[in-house]
Amino acid sequence: MNHEQSRDLYDRALSVMPGGVNSSVRAIQPYPFFVQKGDGGHVVDADGNRYVDFVMGYGPLLLGHDLPEQVQAAIQQRASEGPMYGAPTEVEVELAEFVTRHVPGVEMVRFVNSGTEATVSAVRLARGYTGRDKIVVMQGGYHGAQESTLVEGHGEHTHPSSPGIPESFAEHTLTVPFNDTEAVERVFEEHGEDIAAVLTEPILGNYGIVHPVEGYHEQLRQLCDEHGSLLIFDEVITGFRVGGLQCAQGKFGIDPDITTFGKIVGGGFPVGAIGGKSEIIEQFTPAGEVFQSGTFSGHPVTMAAGLETLRYAAENDVYDHVNELGERMRSGIADILEDQAPQYTVVGTDSMFKVIFTREGEFGEGHCEAGCTQNPTCPRYEHCPKNGMDVKQAETERWERLFWPAMKEQGVFLTPNQFESQFLSAAHTDTDIETALEAYKDAL
Ligand code: PMP
């Protein structure tokens, strides 16, 4: 593949943007390819190379790059009537109604502009509502570029994971390993009265794909209830992807007090949202006292894109299609692994998948069987990563240095590290799956 244009663009970018990018994960070495356009389930780069795209904007593009007629029309109509107004519009109400109708734990919703903004506001809301300062997060969980959750360390021995964040932020953040029932029990025993909320992704989607063990979310729900703390599900990735329109909370049958959204709910435009029980969400200003505001919040073009995307998904077989492709990907990869790299593991659910380069002997010698990935009934269940650490200990360097470039050179675009999930879209076809599986076979 020729990458001349991308290389030149990266040189230019490096002089005017830190690291040459606007989001750090995009700075692939020695240089990223620059995208010229999307096309169905593919992207085409500045040199005209075509890739099957399993990054899909890091999750928002449920419908792929070619938006259906009704979605495109709604976006163009809104944009042609002036981008935004600083006054409410009907489309915000319609999207809020749609979300509250479908997501079990959501009675009211506030729209913002990114997943990060959603989790920042959710944490403030939980603290304001409970009058407590501490939050519990999972090691290996990701909640955006925000002060309260960018922490390292265990339990109460946490410190900021980035320069520029005062130590005092981390003092209020307690960490526990995902799926460790004893650790979270202990944290509540010691700090229960000070804990405003437990903030967790229902399925870790930024650190491999890690499922909750049976009973884990139920335990979190119960501990929060017993101690007067709130349970926040960060569904920025899983929202409107895992479990379809009812999201992961519907799939798992857990009612969080607060849910954060991003990605799909904005149909590919910048978005975030904080939803939950009315009694809690109404603590946001101007109904309540917890300050929350934003010039671009509820942006009409975003709202139209999100609403029409979700309507389209509701009226067509989008979830059946993407989940079926997900199954085929996972089982196809499982067969290849069985043959070529039995120490590695394929993980995922619904329209998400990832190969984790688990090391021989770490979780036994196998990977999950197709279709029952990380399901407790799977005979290989014990061999699956159970928390962020399990994924971190995998051969992450080999994944990045050898596997990713090999996939890219065969025209398959994956997230460029071991940690972030791959996504399927309504635009992907059987041929895309076949192409990808051939590439996996070769690269592995
Ligand atoms: N929460 C989760 C679970 C995420 O995956 C992400 C982003 N990948 C965020 C929050 C932050 O969202 P954003 O990048 O839109 O700020």
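Residues numbered from 1 in each chain as written. Predicted model: local features only at pLDDT ≥ 70, side-chain atom pairs only at ≥ 80, totals over all residues.

## Let's talk about the overall build of the protein chain
Now for step 1: Check the secondary structure of the protein chain and you find 14 helices and 16 strands.
Now for step 2: The C-alpha radius of gyration computed for the protein chain amounts to 21 Å, which stays within 12% of the reference 22 Å derived for 444 residues, consistent with globular compactness.
Now for step 3: Summarising its shape, the C-alpha atoms of the protein chain cover approximately 60 × 55 × 45 Å along the three principal directions.
Now for step 4: Within the protein chain, contacts between residues separated by at least 24 positions form 71% of all contacts whose residues are at least 6 apart in sequence. (Helix = DSSP H or I, 4+ residues; strand = E, 2+ residues; numbered from the N terminus. Rg over C-alpha atoms; globule rule 2.2 N^0.38 Å. Contact = placed C-beta atoms within 7 Å.)

## Regarding the site of the ligand
Now for step 1: Looking at the ligand, there are 15 residues lining it, with Ser 114, Gly 115, Thr 116, Gly 144 and Val 236 nearest.
Now for step 2: Sorting elements by how many residues they give to the shell around the ligand places helix H4 (residues 115–130) first, with three residues. (Near = placed C-beta within 6 Å.)

## A word on unusual backbone geometry
Now for step 1: Here the residue pair Gln 29 and Pro 30 is connected by a cis peptide bond, since its omega of 5° sits within 30 degrees of zero.
Now for step 2: Structurally, the position occupied by Pro 30 is in the loop between helix H1 (4–16) and strand S1 (35–39).
Now for step 3: The linkage connecting Thr 285 with the following residue, Pro 286, adopts the cis geometry, with an omega of 5°.
Now for step 4: Positive phi, close to 75°, is recorded for Asn 179, a residue that is not glycine.
Now for step 5: Tracing the backbone through its elements, the reader meets Asn 179 in the loop between strand S8 (173–177) and helix H6 (181–191).
Now for step 6: Of the residues examined, Asn 179 has 22 C-beta atoms within 10 Å and is grouped as buried.
Now for step 7: Backbone geometry places Phe 240, a non-glycine residue, at a positive phi of 60°.
Now for step 8: Relative to the elements of secondary structure, Phe 240 occurs in the loop between strand S10 (230–234) and helix H8 (247–252). (Buried ≥ 20, exposed ≤ 12 C-beta atoms within 10 Å, placed from the backbone.)

## Things to note about the domain arrangement of the protein chain
Now for step 1: Each assigned domain of the protein chain is listed with its residue range as follows: domain 1 (4–66 + 318–443) and domain 2 (69–315).
Now for step 2: One C-alpha centre belongs to domain 1, the other to domain 2; they are set 25 Å apart.
Now for step 3: Of all the elements in the fold, those that place two or more residues in the side of domain 1 that touches domain 2 are helix H11 (318–340), strand S13 (345–349), strand S14 (352–356) and helix H12 (388–392).
Now for step 4: For the side of domain 1 that touches domain 2, a count of residues per class yields 14 nonpolar, nine polar and four charged. (Domains from an automatic or database assignment. Nonpolar A, V, L, I, M, F, W, Y, C, P; charged D, E, K, R; others polar.)

## Concerning the sheet that holds strand S16 (residues 422–423)
Now for step 1: Across the sheet, three strands lie side by side as S13-S14-S16; this open sheet has antiparallel pairing. Two strands close off the open sheet at either side, each with one partner strand: S13 and S16.
Now for step 2: Inspection of the sheet shows S14 paired to S16 by two bridges, in the antiparallel sense. Counterpart to Phe 353 in the pairing with S16 is Gln 422. (Pairing = 2+ DSSP bridges.)

## Side note on helix H13 (residues 396–409)
Now for step 1: With 14 residues, H13 extends 19 Å between its outermost C-alpha atoms, agreeing within 8% with the 20 Å of an ideal straight helix rising 1.5 Å per residue.
Now for step 2: The largest bend along H13 reaches roughly 35° and is located at Phe 403, with the proline Pro 405 sitting one to four residues downstream.
Now for step 3: By the burial criterion, the buried members of H13 are Trp 399, Trp 404, Met 407 and Lys 408.
Now for step 4: Where H13 is buried, its residues meet strand S15 (412–413) and helix H14 (430–443). (Expected span 1.5 Å × (residues − 1). Bend = angle between axes of the 7 residues up to and from the residue.)

## Quick word on the UniProt feature "modified residue: N6-(pyridoxal phosphate)lysine" (unreviewed entry) in the protein chain
Now for step 1: Here the UniProt feature "modified residue: N6-(pyridoxal phosphate)lysine" (unreviewed entry) sits at Lys 263.
Now for step 2: The topology assignment puts Lys 263 in the loop between strand S11 (258–262) and strand S12 (272–276).
Now for step 3: For Lys 263, the residues in contact, after removing those within four places along its chain, are Gly 59, Pro 60, Gly 115, Val 236, Ile 237 and Gly 239. (UniProt positions renumbered as here; feature names shortened; annotations may be inferred.)

## Let's talk about the nonpolar core
Now for step 1: Of all hydrophobic cores here, the largest spans 119 residues; its most connected members are Ala 126, Val 136, Ala 197, Leu 230, Ile 232, Ala 273 and Ile 274.
Now for step 2: Summarising the domain contributions, this core has at least three residues from each of domain 1 (4–66 + 318–443) and domain 2 (69–315).
Now for step 3: Setting aside residues no more than four positions away along its own chain, Ala 126 makes contact with Ile 135, Ala 196, Ala 197, Leu 230, Ile 232 and Ile 258. (Core = buried A, V, L, I, M, F, W, Y, C linked by C-beta atoms within 7 Å.)

## Observations regarding the packing of H6 against helix H7 (residues 216–227)
Now for step 1: Contact pair H6 / H7: the axes reach a minimum separation of 11 Å and the direction vectors enclose 5°. Taken together, the axes of H6 and H7 lie roughly parallel to each other. Across the interface between the two elements, Thr 181, Val 184 and Phe 188 of H6 pack against Tyr 216, Gln 219, Leu 220, Leu 223 and His 227 of H7.
Now for step 2: Across the contact of H6 with H7, the residue classes break down as five nonpolar, three polar and no charged. (Axes fitted to C-alpha atoms, helices over the stretch in contact; angles between N-to-C directions. Parallel < 35°, antiparallel > 145°, perpendicular 65-115°, else oblique.)

## Section: the pairing of S12
Now for step 1: Of all five residues that make up S12, five are buried, and the element is covered over most of its length.
Now for step 2: A two-sided burial pattern is seen for S12, the buried positions comprising Gly 272, Ile 274 and Gly 276 on one face and Ala 273 and Gly 275 on the other.

## Thoughts on the environment of His 159
Now for step 1: Note on placement: His 159 falls in strand S7 (residues 157–160).
Now for step 2: With 13 C-beta atoms counted inside 10 Å, the residue His 159 sits in the partly exposed group.
Now for step 3: Along the chain, His 159 and Phe 169 lie 10 residues apart, while their C-alpha atoms are 8.1 Å from each other.
Now for step 4: Excluding residues within four positions of it along the chain, His 159 makes contact with Val 151, Glu 152, Gly 153, Glu 167 and Ala 170.

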